[in-house]
Amino acid sequence: MSSSAPPVLPISTAQSESQPPVATPAFRTFISNLYDSLRNGLSQRRPWAELADRSAFSKPESFSEAALRVRKNYSYFRVNYLSLIGLILAFSLLSHPFSLLLLLGLLCSWIFLYLFRPADQPLVICGRTFSDLETLGILIIFSVFVVFLTTVGSLLISALMVGIGLVCAHGAFRVPEDLFLDEQEPAATGFLSFLGGAASNAAATAAPAVAARV
């Protein structure tokens, strides 16, 4: 008696559809551009030992001389000064965790709910769909509330005033005669490109998402 082979079940092999290339998220591109701009800007800072050279300090003889010193020192130590103000802002926020959480919540709301949210994905909260105009209005109201009706605004202004005061005091008492301003002036303006570049990167990265909603 011949043994019959077991029937072979037909198996359909599903052909893998070609997937489109995964594009880099806009937020990741923004963070990468911001990091590169920050790194390039900080690479142009002056030595901190030169900033704190005690032998170069003297009392200005007049207000005009103090203002001239501030202008020259700011042109030379621009990156160091802005870094110092940034450190003061960071310390002020870290010493007030509630204000830091409010500010982070505000920034994350703008980033993930409006600027870098895909245009084809509406905002849905508690089963209600919000239009882009409604989302923008809610974020503006939330920003006004956080900045003007909490301690965030006063904290930021106080930290900025302290930082600007320290910068002006250092610039007024630091004698700039040993600084080669004529040779170093083009490099000193580099950190401004970080501020302008970061803003332009943010606008360029968020522009497609914002334009798609208009």
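Quantities reported herein were computed from a predicted structural model and do not represent experimental measurements. (Residues numbered from 1 in each chain as written. Predicted model: local features only at pLDDT ≥ 70, side-chain atom pairs only at ≥ 80, totals over all residues. Heavy atoms only, no water.)

> I'd like to hear about the packing of aromatic side chains, residue by residue, with values.
The full count for this structure, using the stated rule, is four aromatic pairs. Each ring, one from Y76 and one from F77, has its centre 4.8 Å from the other, and the planes form 85°; the classification is edge-to-face. The same class applies to Y76 as to F77, namely buried. An angle of 55° between the planes, with centres 6.1 Å apart, marks the rings of F77 and Y81 as tilted. The pair F77 / Y81 is uniform in exposure class, with both members buried. Pairwise contacts between aromatic rings join Y74, Y76, F77 and Y81 into one cluster. Above the ring of Y76, the side-chain terminus of R46 is found at 4.1 Å from the ring centroid. (Phe/Tyr/Trp six-rings, centres within 6.5 Å; stacked < 30°, edge-to-face > 60°. Buried < 20%, exposed > 50% of the residue type's maximum accessible area, 1.4 Å probe, protein only. Lys NZ or Arg CZ within 6 Å of the ring centre and 35° of its normal.)

> Tell me about a nonpolar patch on the surface, and name the residues and values.
There is a patch of nonpolar side chains on the surface, built from I140, V144, F145, V147, F148 and L149 and spanning about 590 Å² of accessible area. Of the residues examined, V144 reaches a relative accessible area of 41% and is grouped as partly exposed. (Patch = residues over 30% accessible without salt bridge, like charges linked within 9 Å, V, L, I, M, F, W, Y side chains within 5 Å. Areas by Shrake-Rupley, 256 points an atom, 1.4 Å probe, with all protein chains shown as cover. Salt bridge = Lys/Arg side-chain N within 4 Å of Asp/Glu carboxyl O.)

> An account of the packing of helix 5 (residues 97-115) against helix 7 (residues 151-173) is requested, with residue identities and associated values reported.
Interhelical geometry of helix 5 versus helix 7 gives an angle of 105° and a closest axis separation of 9 Å. Comparing their axes, helix 7 and helix 5 come out roughly perpendicular. Residue-level contacts link S99, L102 and L103 of helix 5 to T151, V152 and L155 of helix 7. Here the residues of the contact of helix 5 with helix 7 sort into four nonpolar, two polar and no charged. (Axes fitted to C-alpha atoms, helices over the stretch in contact; angles between N-to-C directions. Helix = DSSP H or I, 4+ residues; strand = E, 2+ residues; numbered from the N terminus. Parallel < 35°, antiparallel > 145°, perpendicular 65-115°, else oblique. Contact = heavy atoms within 4.5 Å. Nonpolar A, V, L, I, M, F, W, Y, C, P; charged D, E, K, R; others polar.)

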